[in-house]
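The lines below spell out each chain.
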Amino acid sequence: MRPPAVRLVRRSRVPYAELLALQERWLRRLQAAPGPEAPSGAEAGALLLCEPAGPVYTSGLRGGLTPEEMARLRALGAEVRATGRGGLATFHGPGQLLCHPVLDLRRLGLRLRTHVAALEACAVRLCESQGLQGARARAPPYTGVWLGERKVCAIGVRCGRHITSHGLALNCSTDLGWFEHIVPCGLVGTGVTSLSEELRRHVTVDEVIPPFLQAFKETYKCTLISEDSPN
């Protein structure tokens, strides 16, 4: 029995709005596709990867930003967007790997909680591949991946009719100063970090994508096919 296939859709630096539009197109495509009875090896969805082109603050289904806070953040030169993902407020910007898996979980044999755990496992494995052996996932409300009391990877997903969207944001060389203007994910008393901060060298998004993709394939037990491959 062939493993399910996931389409790899990789962009470089793109505006956050472009990622959301791409995500919406894939959501519509999956929603119109046959259900879990699809044949062995059929596509389970897409893995959208990019780096944000500019600073963006986002809020989740639980809110996280008042109108006054939104105005203050926009005055800093950042975009502010409400999204349909879980969680509260966070920051996205250059130097960050954004990974949005748009997947039919039924074709992967996963439930929502195991999908979140799989995303965490991918980020942990990536950190370990860079020599950061202390990376770990924590129980809610501390969803994400942590190095001590500092979060290196935020996770917030949405799932409707077994189809996921949104995903993870991993700080590679992100300017962490942007996080100082909010309470990231509503967690008081915790900090944020990046791979560059921990390794004391500049780590690019392009550098971490190959080990991340390897971790994704092995964790999700799928194959990855390039965007321009035939169906």
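Residues numbered from 1 in each chain as written. Predicted model: local features only at pLDDT ≥ 70, side-chain atom pairs only at ≥ 80, totals over all residues. Heavy atoms only, no water.

> How would you sum up the sheet that holds strand S5 (residues 90–92)? Please name residues and give values.
Overall, mixed pairing links the 3 strands, which are arranged S4-S3-S5 in an open sheet. The sheet is open, and its two edges are formed by strand S4 (79–82) and S5, each paired on a single side. On average, each strand axis in the sheet is inclined to that of its neighbour by 30°, with strand direction left out of account. Where strand S3 (residues 56–59) lies against S5, 3 bridges are found, and the strand directions are antiparallel. The residue bridging Thr58 from the neighbouring strand is Thr90, located in S5. The sheet strands contacting helix H1 (residues 16–31) are S3, S4 and S5, and the helix crosses S4 at an angle near 25°. (Pairing = 2+ DSSP bridges. Helix = DSSP H or I, 4+ residues; strand = E, 2+ residues; numbered from the N terminus. Axes fitted to C-alpha atoms, helices over the stretch in contact; angles between N-to-C directions. Contact = heavy atoms within 4.5 Å.)

> Which residues make up the pattern of salt bridges, and what are the values?
Scanning the model with the defined rule gives 12 salt bridges in all. Salt-bridge contacts for Glu120 lead to Arg113; the nearest nitrogen and oxygen are separated by 3.5 Å. Residue Arg113 is classed as partly exposed on the basis of its relative accessible area, which comes to 43%. Arg201 is the partner of Glu207 in a salt bridge, and the nearest nitrogen-oxygen pair spans 2.8 Å. The class of Glu207 is partly exposed, set by a relative accessible area of 31%. (Salt bridge = Lys/Arg side-chain N within 4 Å of Asp/Glu carboxyl O. Buried < 20%, exposed > 50% of the residue type's maximum accessible area, 1.4 Å probe, protein only.)

> Break down empty space enclosed by the protein for me, citing the residues and quoting the values.
Counted under the stated rule, the structure contains 2 cavities of 30 Å³ or more. The computed volume of the largest cavity comes to approximately 60 Å³. Lining the largest cavity are 13 residues, and of these Thr90, Lys151, Ala154, Asn171 and Phe179 sit closest to its centre. Contributing elements (two or more residues each) for the lining of the largest cavity: S5, strand S9 (150–160) and strand S10 (163–171). Among the elements that line the lining of the largest cavity, the one with the most residues is S9, at 4 residues. Class assignment for the residues of the lining of the largest cavity results in 9 nonpolar, 3 polar and 1 charged. A volume near 40 Å³ is recorded for the second largest cavity. For the lining of the second largest cavity, the class distribution of residues is 4 nonpolar, 2 polar and 1 charged. (1 Å grid on protein atoms, 1.4 Å probe; cavity = no way out; pocket = protein on both sides within 12 Å on 5 of 7 lines; lining within 4 Å. Points joined across faces, edges and corners; volume = space filled by probe spheres on them. Nonpolar A, V, L, I, M, F, W, Y, C, P; charged D, E, K, R; others polar.)

> Describe the UniProt feature "active site" (unreviewed entry) in the protein, and please don't skip the residues or the numbers.
Here the UniProt feature "active site" (unreviewed entry) sits at Cys185. The topology assignment puts Cys185 in the loop between S10 and strand S11 (191–192). Contacts of Cys185, omitting those with residues within four sequence positions, involve Leu88, Ala89, Thr90, Lys151 and Ala154. (UniProt positions renumbered as here; feature names shortened; annotations may be inferred.)

> Lay out the packing of aromatic side chains in plain terms, naming residues and giving numbers.
As enumerated under the stated definition, the model contains 7 aromatic pairs in all. Aromatic side chains Phe91 and Phe179 sit 5.4 Å apart centroid to centroid with 75° between the ring planes, which places their arrangement in the edge-to-face category. Here Phe91 is found in strand S5, whereas its partner Phe179 is found in the loop between S10 and S11, with 88 residues between them in sequence. For the residue pair Phe91 and Phe179, the accessibility class agrees, reading buried in each case. Geometrically, the ring pair formed by Phe212 and Phe216 is tilted, given 6.5 Å between the ring centres and 35° between the ring planes. Taken together, the residues span about one helical turn, with Phe212 and Phe216 both in helix H6 (residues 205–220) at a distance of 4 residues. The class for Phe216 is buried, based on a relative accessible area of 0%. Grouping aromatic residues by their ring pairs yields a cluster made of Tyr57, Phe91, Trp178 and Phe179. The ring of Trp146 has Arg138 sitting right over it, with the charged end atom 4.7 Å from the ring centre. (Phe/Tyr/Trp six-rings, centres within 6.5 Å; stacked < 30°, edge-to-face > 60°. Lys NZ or Arg CZ within 6 Å of the ring centre and 35° of its normal.)

> I'd love a proper account of the layout of surface pockets, names of residues and values included.
Approximately 470 Å³ is the volume attributed to the largest pocket. Looking at the largest pocket, it is lined by 27 residues, and the ones nearest its centre are Gly86, Gly87, Thr143, Ile155 and Gly156. Listed by contribution, the elements that provide at least two residues to the lining of the largest pocket are S5, strand S6 (96–103), helix H4 (112–129), S9 and S10. The element best represented in the lining of the largest pocket is S9, accounting for 5 residues. The class makeup of the residues in the lining of the largest pocket is 14 nonpolar, 9 polar and 4 charged.

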